[in-house]
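Now for the letters of each chain:
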Amino acid sequence: VTPMPEPIAAVRWLEATRGPLGDGVVVVYDLGARTRDVSVVRTGAEPVLLGRPIASEDVCGGHLDHLVTTHLLDTVRDDVPDFDPFAAPMTAALAELRTRSRAAKEQLSTDTETVVAIDLPGVRRDVRLVRDEFEELARGPLQASTALVHEALRGAGVEPSDVGRVLLTGGGGAIPLVAELLSAVIPRLPAGAD
């Protein structure tokens, strides 16, 4: 077993599944539950990190889950008498709603709509959530997160036009909006990010 940095391991996985990448540059954009990391890797016989990876906790999967939870709560808040998020029954119900919100976000990565069961003290309702609604919630934070890509490229001494691929990792990497926004930053990307 040879320990290696996560972005290098991700690029090695890409080579193992897609074949040799040759000499080039890959941006590894990792949108995980707690952090977002952006790294620049030179591919070839021995992949190597260029510059330093940039990490941030301001936009991550947990942040997007919170946006979905808040949106869903807003749809039923007027129906909940005396909404007290610290009351014991409400606390447990909100924890379950957060879990369902995360599942809905993940489902919207592949489906265009989902239904979320809201079960709070005093209200039970199924709420339909469509991908466009989620993307409206997430667009601002994700758009702002592209600044990290620019920062990582500057730190690596790489121009956006030199990037041949973007590898999206982490659970949030499956969100179609992420690939859309990154294609505006790195216009030479082949159709669809890996």
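Now for a look at the structure at hand. The numbers attached to residues start from 1 for each chain and follow its sequence in the written order. Residue-level local features of this predicted model are given only where pLDDT is at least 70; pairs of side-chain atoms are given and counted only at 80 or more, and the full residue set underlies all totals for whole chains, interfaces and linings. Side-chain descriptors were evaluated using all non-hydrogen atoms of the structure, hydrogens and water having been removed beforehand.

Brief notes about the pattern of salt bridges
Argument step 1. Here, a salt bridge means any side-chain nitrogen of Lys or Arg that lies within 4 Å of a carboxyl oxygen of Asp or Glu. For the structure shown, the criterion picks out nine salt bridges.
Argument step 2. Ionic pairing is found between D65 and K105, a salt bridge with its closest N-O pair at 2.8 Å. Of this pair, D65 sits in helix α2 (residues 61-76) while K105 sits in helix α3 (residues 88-107), placing them 40 residues apart in sequence.
Argument step 3. D65 gets classed as buried once you look at its relative accessible area, which sits at 11%.
Argument step 4. Partly exposed describes any residue whose relative accessible area lies between the buried limit of under 20% and the exposed limit of over 50%, with all areas from a 1.4 Å probe on protein chains only and scaled to the type maximum. By relative accessible area, K105 is classed as buried at 7%. In this text, helices come from DSSP runs of H or I with a minimum length of four residues, and strands from runs of E with a minimum of two, each type numbered from the N-terminal end.

Focus: the pairing of strand β5 (residues 123-130)
Argument step 1. Strands are labelled as partners when DSSP assigns at least two bridges between them. As judged from the eight bridges shared by strand β4 (residues 113-120) and β5, these two strands associate in the antiparallel manner. Residue pairing in the sheet places A117 in a bridge with D126 of β5.
Argument step 2. A loop of two residues connects β4 with β5, the two strands running antiparallel in sequence, and G122 in this loop sits at a positive phi of about 95°.

Here's the deal with the sheet that holds strand β2 (residues 36-43)
Think of a sheet as strands paired side by side through backbone hydrogen bonds, with each pair either parallel or antiparallel.
Argument step 1. Taken in spatial order, the four strands line up as β3-β2-β1-β6 in an open sheet, and their pairing is mixed. Looking along the sheet, the strands with just one partner apiece sit at the ends: β3 (48-56) and β6 (165-169). Mean inter-strand twist for the sheet, computed between neighbouring axes without regard to direction, equals 15°.
Argument step 2. Taken together, the six bridges between β2 and β3 define a ladder with antiparallel strand orientation. Across the sheet, the residue bridging to R36 is S56, located in β3.
Argument step 3. In this description, contact between two residues means that some pair of their heavy atoms is separated by no more than 4.5 Å. To obtain an axis, a line is fitted to C-alpha atoms, over the contacting stretch when the element is a helix, and the angle between two such axes runs from 0 to 180 degrees between their N-to-C directions. Against the sheet, helix α4 (residues 131-156) contacts β1 (24-31), β2 and β3, and its axis sits at roughly 150° relative to β3.

Topic: the packing of α2 against α3
Argument step 1. Close contact between α2 and α3 brings their axes to 8 Å; oriented N to C, the two are set at 115°. The angle between the axes of α2 and α3 places the two elements in the roughly perpendicular class. Along this stretch, α2 crosses α3, giving a crossing that reads as right-handed. Residues G61, L64, D65, V68, T69, L72 and L73 of α2 pack against L94, L97, R98, S101, R102 and K105 of α3.
Argument step 2. In terms of residue class, the contact of α2 with α3 is built from six nonpolar, three polar and four charged. Small angles under 35 degrees read as roughly parallel and large ones over 145 as roughly antiparallel, with 65 to 115 read as roughly perpendicular and the rest as oblique. Note: crossing handedness is left-handed where the near helix turns anticlockwise from the far helix by less than a right angle, and right-handed where it turns clockwise. Under the grouping applied here, Gly and all other residues not named as nonpolar or charged are polar, the nonpolar ones being Ala, Val, Leu, Ile, Met, Phe, Trp, Tyr, Cys and Pro and the charged ones Asp, Glu, Lys and Arg.

As for the layout of surface pockets
Argument step 1. In this analysis the probe radius is 1.4 Å and the grid spacing 1 Å, with only protein atoms considered; a cavity is a set of points the probe fits into but cannot get out of, a pocket is an open set with protein on both sides within 12 Å along at least five of seven lines, and lining residues have an atom within 4 Å of a point. Grid points are joined across faces, edges and corners, and a volume is the space filled by probe spheres set on the points. By volume, the largest pocket amounts to about 320 Å³.
Argument step 2. Lining the largest pocket are 20 residues, and of these G61, G62, D65, H66 and R98 sit closest to its centre.
Argument step 3. Elements with a contribution of two residues or more to the lining of the largest pocket: α2 and α3.
Argument step 4. In terms of residue count, α2 provides more of the lining of the largest pocket than any other element does, seven residues in total.
Argument step 5. Of the residues belonging to the lining of the largest pocket, the class tally is four nonpolar, nine polar and seven charged.

Focus on the pairing of β1
Argument step 1. Taken across its eight residues, β1 has seven buried, putting it largely inside the fold.
Argument step 2. Where β1 folds back onto β2 in an antiparallel hairpin, the turn is made up of four residues.
Argument step 3. As defined by bridge partners, β1 adjoins β6 across five bridges and the pair is classed as parallel. Bridging across to β6, V27 finds its partner in V166.

Description of the nonpolar core
Argument step 1. By convention a nonpolar core is built from buried Ala, Val, Leu, Ile, Met, Phe, Trp, Tyr and Cys residues, the set being connected through side-chain atoms within 4.5 Å. In this structure, Y29, V40, L120 and L142 are the most contacted members of the largest nonpolar core, which totals 46 residues.
Argument step 2. The leading source of residues in this core is α4, at eight residues.
Argument step 3. Residues contacting L142, with those up to four places away along its chain left out, are Y29, L31, V59, L64, L177, V178 and L181.
Argument step 4. Of all hydrophobic cores here, the second largest spans nine residues; its members include V11, L14, V28 and L167.

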